[in-house]
Amino acid sequence: MKIGILPYQSQDIIYKPSGNLLRPPWPIFQETHEISNGQEKFHKPEDVPLNRRNFVYRPCGANPLFKELGYSCSEYPFAKPGMNLMDRSDGISIIQDNNNCVSVSNSVGWRTARCDVCIKEGLTYWEVEVIQGGTPSECDTSNSFLRRKDIINESPHVRLGISKREASLESPVGFDSYGYAIRDTSLESIHEGKVAQLLGTHGLKPGDRLGFLLQLPSCQSQIDQAKEYTQRRLDALVQSTKNTYQDSEQQRKRSKTTNKNFQIALLQDIDHTNVVRDHIAIRYKNQLFFEATDYVKTTKPEYYSSDKRERQDYYHLENSFLAIYLNGEPLGEAFTDLKPFLPPFSELQYNEKFYFGYWKNGVDDPSHDTKRTGILLRNKYVNNNKLGYYPTISCFNGGAARVITTKQDCKYYEQLNKPAKLLEELFDEQIAEDIVWDIVDEVEEEFSDRSSG
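Structural notes, computed from the coordinates. Counting restarts for each chain: residues are numbered from 1 in the order of the written sequence. pLDDT decides what is reported in this predicted model: residues at 70 or higher carry local features, side-chain atom pairs at 80 or more are listed and counted, and totals for whole chains, interfaces and linings draw on all residues regardless. Based on all heavy atoms of the structure, the side-chain values leave hydrogens and waters out of the count.

Time to look at the overall build of the protein chain. Looking only at helices and strands, the protein chain has six helices and 25 strands in total. Here the protein chain holds 453 residues, and 54% of them are scored as buried. When contacts within the protein chain are restricted to residue pairs at least 6 apart in sequence, those whose partners lie at least 24 apart make up 72%. In the structure as shown, the protein chain presents an accessible area of about 22,000 Å², 48% of it carried by carbon and sulfur atoms. Working definition: helices are DSSP H or I runs of at least four residues, strands are E runs of at least two. Numbering for both runs from the N terminus. Under the scheme applied here, a residue whose accessible area is under 20% of the maximum for its type counts as buried, over 50% as exposed, and between as partly exposed, the area being computed with a 1.4 Å probe on protein chains only. Contacts are residue-level and defined by heavy atoms, with any inter-residue pair within 4.5 Å sufficient. In these tables, accessible area is a Shrake-Rupley quantity obtained with a 1.4 Å probe, and a residue counts as shielded only by the protein chains included in the view.

Read across the sheet, seven strands follow the order β5-β8-β23-β10-β11-β12-β13 without closing on themselves; strand pairing throughout is antiparallel. Either end of the sheet is taken by a strand with one partner, and the two such strands are β5 (83-88) and β13 (194-196). Each neighbouring strand pair of the sheet contributes to a mean axis angle of 30°, computed without reference to strand direction. For strand β12 (residues 189-191) and β13, the ladder comprises three bridges, and the chain directions are antiparallel. Each bridged residue has a counterpart across the sheet, and for Ser 189 the counterpart in β13 is Ala 196. Note on pairing: DSSP must find at least two bridges between two strands before they are called paired. In this description, a line fitted to the C-alpha atoms serves as the axis of each element, helices being fitted only across the stretch in contact, and the angle between N-to-C directions of two axes falls anywhere from 0 to 180 degrees.

Working definition: a ring pair exists when centres of Phe, Tyr or Trp rings (six-membered ring for Trp) sit within 6.5 Å. Plane angles under 30 degrees give stacked, over 60 give edge-to-face, the rest tilted. Summed over the entire model, instances satisfying the criterion amount to 19 aromatic pairs. Aromatic pair Tyr 180 and Phe 335: ring centres 5.0 Å apart, planes at 65°, arrangement edge-to-face. Separated by 155 residues along the polypeptide, Tyr 180 in strand β11 (residues 179-183) and Phe 335 in strand β19 (residues 329-336) bring together distant segments of the chain. Each member of the pair, Tyr 180 as well as Phe 335, is classed as buried. Chaining the aromatic ring pairs together yields one cluster made of Tyr 180, Phe 335, Phe 341 and Tyr 389. If you follow Arg 159 out to its NZ or CZ, it ends over the ring of Trp 110, 4.8 Å from the centre. Between the NZ or CZ atom of Arg 165 and the centre of the ring of Tyr 390, over which it lies, the distance is 5.1 Å. We call a charge positioned over a ring when the NZ of a Lys or the CZ of an Arg lies within 6 Å of the ring centre and within 35 degrees of the ring normal.

Now for unusual backbone geometry. With omega at 10°, the peptide bond leading from Pro 343 into Pro 344 counts as cis. Of note, Pro 344 is situated in the loop between β19 and β20 (347-348). With a phi angle near 55°, Leu 187 is a residue other than glycine that sits in the positive phi range. Structurally, Leu 187 is set in the loop between β11 and β12.

Attention now moves to the environment of Leu 85. Within the secondary structure, Leu 85 sits in strand β5. On the basis of relative accessible area, Leu 85 is assigned to the buried category, the value being 3%. A C-alpha to C-alpha distance of 8.9 Å links Leu 85 and Lys 44, two positions 41 residues apart in sequence. Other than its neighbours up to four places away in sequence, Leu 85 contacts Pro 27, Pro 45, Val 48, Leu 50, Tyr 76, Phe 78 and Ile 94.

Another point: a nonpolar patch on the surface. To count toward a patch, a residue needs a relative accessible area above 30% and no salt bridge. Like charges then connect within 9 Å, nonpolar side chains (Val, Leu, Ile, Met, Phe, Trp, Tyr) within 5 Å. One speaks of a salt bridge when a side-chain nitrogen belonging to Lys or Arg is within 4 Å of a carboxyl oxygen belonging to Asp or Glu. A cluster of nonpolar side chains, Ile 435, Ile 439 and Val 443, forms an exposed patch at the surface whose accessible area comes to about 250 Å². Position of Val 443 among the secondary structure elements: in helix α6 (residues 423-452). Owing to a relative accessible area of 46%, Val 443 belongs among the partly exposed residues under this scheme.

Moving on: the pairing of strand β14 (residues 209-216). Of all eight residues that make up β14, seven are buried, and the element is covered over most of its length. Summarising the sheet, strand β9 (residues 122-132) and β14 pair through eight bridges and their orientation is antiparallel. Residue pairing in the sheet places Glu 129 in a bridge with Arg 209 of β14. The pairing of β14 with strand β18 (residues 321-326) spans six bridges and is classified as antiparallel.

Any two side chains of opposite charge can pair, on the condition that their charged atoms come close. Within the structure shown, the criterion is met by 27 salt bridges. For the salt bridge of Arg 232 with Glu 228, the shortest nitrogen-to-oxygen distance reads 3.3 Å. A residue pair is termed a helical-turn pair when its members lie 3 or 4 positions apart in one helix, as Arg 232 and Glu 228 do in helix α2 (residues 219-244) at four residues. For Asp 278, the salt bridge goes to Arg 378, with nearest N and O atoms at 3.3 Å.

We now examine helix α5 (residues 352-361). Residues of α5 that are buried: Tyr 355, Phe 356, Gly 357 and Trp 359. Structurally, α5 contributes buried residues whose contacts are with α4 (259-268). With its phi angle positive at about 75°, Gly 362 sits one or two positions after the end of α5.

A separate point is α4. Burial runs high along α4: eight of the 10 residues are buried. Among the residues of α4, Lys 260, Asn 261, Phe 262, Gln 263, Ile 264, Ala 265, Leu 266 and Leu 267 are the ones counted as buried.

Let us look at the sheet that holds strand β16 (residues 287-293). With antiparallel pairing, the four strands of this open sheet are ordered in space as β4-β3-β16-β15. A single partner strand is all that each edge strand has here, and the edge strands are β4 (71-73) and β15 (280-284). In this sheet, neighbouring strand axes are inclined to one another by 50° on average, regardless of whether the strands run parallel or antiparallel. Pairing of strand β3 (residues 55-62) with β4 involves three bridges; the strand directions are antiparallel. When the bridges of β4 are listed, Gly 61 appears paired with Ser 72.

For the rest of this paragraph, the subject is the side chain of Gln 287. For Gln 287, the position within the fold is in strand β16. With near-sequence residues (within four places) excluded, Gln 287 lies in contact with Pro 25, Pro 27, Asp 47, Val 48, Tyr 76 and Ile 282.

So, to be careful, I would describe these as geometric facts and stop short of saying anything about function.
So this is what it looks like as structure tokens:
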């Protein structure tokens, strides 16, 4: 076995020579609370790592057919796609051995969980059922405004929507620029913490279903947009570098190793059509997971051109929208012109000081008795196949909701009369992509070893 591969244990083997695939065992669950007078009991898995501190996890399994990497992607044995066990706040609980329903206890404030399906392009439909939340029945005109406000604040609530990888799981979806959400009390739209009433005045109650119809442009048009944005940032950086170091020869020489030049190198290195999955197998409480760096909140570009289109705020996904249905009735588009997510609009967690030093100072080159500089050890602008929008549920003070991902369970899909895909279809495609990229990664590693040898 290749040096550096996490050693196998007997219970780790999930891929066998016969080709049979065994799923990882269920994690250990601990009961947290009940809702609906004890009809629903919620639990938290106690032995899985959570996506936080800019690291992301997913189950993996030992694969003895992979001689170089040793491990490949796997999934828990849920019957259907649903909420991700790792991609949630620690305050979020689920129904044991079931991934479609999430909740928080009465003592917990806003907490968030994301679905395990990443939506990247096209038209997609899913539904979310309110289990506990919505407008309280006591909240009527017989009470004063202040009393109604107190009743709402003391009641269970949910917020439903979509979010990108950078969105916080410790706050409600729609709180920042990386998510879009619908409130359960008035169906107000929330993005960047700003509230808009675009769907009319409605209140949700337990049993109601919201249908979500998300439209995103094709991957190719998104790649073209990312290339355009990359070139505009490059032009701005090059021009900024020229303006800064045009006074003297000494300053021009010094400019060769400035941070601006490093940013130029990073942008020039982007491969907009490639997927780079830089993950490693780890053992956590005797279970196997892939660990990788996650995408982080980004600031606006440091250098601008005179063209306002270079600014990131100018960019949006063409013809994109999130439309809402209430129990099958169309309410309209809650959001349009959604924000893009392909690099360089998104960037991975990145130790810029370390990688800049490596690029600037180089590594020893024994063949020429010198140092090779300008080497990018790693790039923050890469697509690891997790970029897109995720169906997201936030719960507050006992709130609970269920995501519906299959055609069989969606009540109002047939009324849609649109060629929309369901989350179960995207999940199957996602698994197929993971299998392909597992093989590609293994082949590339084999080729790399032969070349270096």
